[in-house]
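Structural description and commentary
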Amino acid sequence: MTKKRFPSISSEAAKPLFHRRHLLGAALAAPALPALAQFRVEVTGVGIRQYPIAIPQFRGEGSAPQKISAIVQADLIRSGLFKAVDASGEELDETSRPDVAKWTAKGAEYLSVGSVARGGNGFDVRFRLWDAVKGADLGGQSYNVPQADLRLVAHKIADYIYEKITGEKGVFSTRIAYVTKNGARYTLWVADSDGENAQSALSSPEPIISPTWSPAGTQLAYVSFESRKPVVYVHEVSSGRRRLIANFRGSNSAPAWSPDGSTLAVTLSRDGGSQLYTIPSSGGEPRRLMQSSGIDTEPTYSKDGRYIYFVSDRGGAPQIYRVGAQGGGAERVTFSGSYNISPSISPDGKTLAYITRAGGGYKLQVMDLASSTVTSVTDTSNDESPSFAPNSRLIVYATREGGREALMTTTLDGKIKARLAGQNGDIREPDWGPYQP
Amino acid sequence: MILTRRTPRLIALAALWACATAAQAALFEDADARRAILELRQRVDQVTQGSNQNGEDTSQVRRSLLDFQSQMESMRAEMNKLRGENETLRREVADLKRGQTDLAKGMEARLQQFEPVAVTVDGQEFKADPAEKRDFEAALGVFRSGKFADAASAFSGFVQRYPKSGYVPSARFWLGNAYYATRDYKPAISNFQQILATAPQHMRAPDSALSIANCQIELKDTKAARKTLEDLLKAYPESDAANAAKERLSKLK
């Protein structure tokens, strides 16, 4: 019924079915930390090629409210593909012709230099990337932004560097939505991909669950219990305006956007058991997708829009299935394990991430769809809500690690993990947004 | 209604009216009244009975509905379990099929190592086992490298190992040549002669005859050599070897 955990058949439709972590959260209510404490990057994992990069302080950075060079460096490290070369005490800018021999001697293969200055409507930020080995200028960018966008500029610089060096598009300037529970207060946050700069989109004394980004990254669909029952809303992030999409008899839950943004797949129990429906994202009459003899929920569209992956217990235990986006016969996808939930499909369509229950724990699994090979990529056992980065290289998920609730990112092979920690209390239901235009 | 001075009078009027009604009732016959009462009682009894019956019927229906519902529920659970098993079985069958195809493909690839392949050597087309082909080509490689003693033992081993092989005439030809090169003329001659005896139409036959003559010349058996060359000219007049034979004959004279 909720996107959280697969519901049991006997549960009441309108009652939120939370994972046991809600209970734990109450019992372990942490002492209040600053609400926006710094997210830390803790990278684990070895044996991978990492590009050594030096990012000295940008000239003039000291007088700006954000340390651009530090944000860029933390982004790159979190990707798992870079390691930082110490550049403390140095200050270069984009006009400097760096002494590459000195930097290669320190072990740097790349060097990013820049400057921050007041100007225009806020700040001028400029930077340049150097290949320290070849002594080659790899280009640069300049931005004029209001103070509020300084972090965004840092993420864009990190994206530029990431793409220049790895050849793949970076995801640092994208956003992540997640939900926290502090005491009895639920808050839906929209944060930068490093978890910083979190802006509250909605706060409620009743649960908020299943936030999910629209394909254009302008709206969030979610389920709110503010009217004491699960109701689906679509929320415009920039204006805070929202509209009610599904408020039918019974429960309304687990919204999922079609890739063209025109349709939402939802779980409704208005005609009895929990079943899948599609509904125009502008609102309207739901259309039933299938008739099944079990509970169907947690729909998610494949990125080509042809299929809807979902969870069903039609085979006696929750498993992941897929069905044509217009309905028809469903095909079972997961076969290992007797309890598989929370499917997420990578944007490149190659990988399925989901949660399996095994030995009393909930573990993130990654399935290569072409070969059906499944790998377990975490050593934690309270994993939930996986969601892919738009470049299909990382998965964000919620878990419990070292006795704390945390959002983690992992590479698909599980070798590199980074912890986005900082919000106190329960933190869960992350959803990674699309590339920003 | 507001209580006024007039209220007592109203009450008195009502009492009067009631008395009048009672007097009127007394006008009915007692028997009629009794009968009407009995009828009514009977009707009430009937209704009560009917209602009890209905109640029983209803709880009966309710019980069977509940029963039916629980049966439905257990059938649904049973059906889901079977569907799950069916899904798993179908998957296993698909896996087995794929496994079998892979196995068959692997087997095919392995069998191919042993299956005869079509080869063309010295204008002869025939089927040879991969091992046979490999051994022949290896021996020929040794010959080409100029190690004639090794080539002789390689080719004689080949002829012994594959006496029925399509390669035999060619193998004997190279064996003969290997012996010739190592000045072992007698076994050379016998190999060339076997070619002429068993495969007179072989492309190498005229060359074999010429080689026999060469061996005989080396053995100073001029007479035999002349005879061999003359036979060659008769048997293979159109061959390149025939031209060489004519030249040799003229030198022998």
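Residues numbered from 1 in each chain as written. Chains lettered and ligands numbered in written order. Predicted model: local features only at pLDDT ≥ 70, side-chain atom pairs only at ≥ 80, totals over all residues. Heavy atoms only, no water.

1. As for the overall build of chain A
A count of helices and strands for chain A gives four helices and 31 strands. Scored against the burial criterion, the 437 residues of chain A give a buried share of 57%. Sequence-distant contacts, at least 24 apart, represent 47% of the contacts inside chain A between residues at least 6 apart. For chain A, the exposed area adds up to about 16,800 Å²; of that, 49% sits on carbon and sulfur atoms. (Helix = DSSP H or I, 4+ residues; strand = E, 2+ residues; numbered from the N terminus. Buried < 20%, exposed > 50% of the residue type's maximum accessible area, 1.4 Å probe, protein only. Contact = heavy atoms within 4.5 Å. Areas by Shrake-Rupley, 256 points an atom, 1.4 Å probe, with all protein chains shown as cover.)

2. Regarding the confidence of the model for chain B
With 89% of its residues at a pLDDT of at least 70, chain B reaches an overall mean of 86. Confidence metrics for the complex model read pTM 0.69 and ipTM 0.70. (pLDDT = per-residue confidence, 0-100.)

3. Quick notes on the interface of chain B and chain A
Each partner contributes to the interface: chain B provides nine residues, whereas chain A provides eleven residues. Carbon and sulfur atoms make up 45% of the surface buried where chain B meets chain A, a total of about 830 Å² over both sides. In this structure, R332 of chain A engages E87 of chain B in a salt bridge whose closest nitrogen and oxygen atoms are separated by 2.8 Å. Our count for the chain B to chain A interface comes out at six residue pairs in polar contact (both at pLDDT 80 or more). Residues belonging to the side of chain B that touches chain A are distributed by class as follows: one nonpolar, three polar and five charged. (Buried area = accessible area lost by both parts, 1.4 Å probe. Salt bridge = Lys/Arg side-chain N within 4 Å of Asp/Glu carboxyl O. Polar contact = N/O pair within 3.5 Å; in protein donor to acceptor, adjacent residues only side chain to side chain. Nonpolar A, V, L, I, M, F, W, Y, C, P; charged D, E, K, R; others polar.)

4. Things to note about the pairing of strand β7 (residues 136-145) of chain A
Residue and element names in this part refer to chain A. Alignment of strand β6 (residues 122-131) against β7, held across eight bridges, turns out to be antiparallel. Within the sheet, the bridge partner assigned to F123 lies in β7 and is V145. Once β6 ends, the chain turns through four residues before running back antiparallel as β7, passing G135 with a positive phi of about 65 degrees. (Pairing = 2+ DSSP bridges.)

5. Brief notes about helix α9 (residues 240-252) of chain B
Residues and elements named next belong to chain B. Taking 1.5 Å of rise per residue, 13 residues should cover 18 Å, and α9 covers 19 Å from first to last C-alpha, within 8% of that figure. Among the residues making up α9, those that are buried are A241, A242, A244, A245 and L249. One side of α9 carries all its buried residues, which in axial view fall inside an arc of 160 degrees. What points out from α9, more than 90 degrees from its buried face, is the exposed set D240, S250 and K251. Residues of α9 that are buried in the fold lie against α7 (205-218) and α8 (222-235). (Expected span 1.5 Å × (residues − 1). Arc of directions from axis to C-beta.)

6. Some thoughts on the layout of surface pockets
All names here are of chain A. Its volume calculated, the largest pocket comes out at about 700 Å³. Surrounding the largest pocket, 34 residues form its lining, T212, W213, T300, K303 and D431 being those nearest its centre. Those elements that place two or more of their residues in the lining of the largest pocket are β11 (208-213), β15 (252-257), β19 (296-301), β23 (340-345), β27 (384-388) and β31 (426-432). Per-class residue counts for the lining of the largest pocket are 18 nonpolar, eleven polar and five charged. Lining of the second largest pocket is provided by 22 residues; of these, D149, R175, D192, N197 and Q199 occupy positions nearest its centre. For the lining of the second largest pocket, the secondary-structure elements that each account for two or more residues are α4 (150-166), β9 (185-192) and β10 (199-204). With four residues, α4 is the single largest residue contributor to the lining of the second largest pocket. Split by residue class, the lining of the second largest pocket holds nine nonpolar, eight polar and five charged. (1 Å grid on protein atoms, 1.4 Å probe; cavity = no way out; pocket = protein on both sides within 12 Å on 5 of 7 lines; lining within 4 Å. Points joined across faces, edges and corners; volume = space filled by probe spheres on them.)

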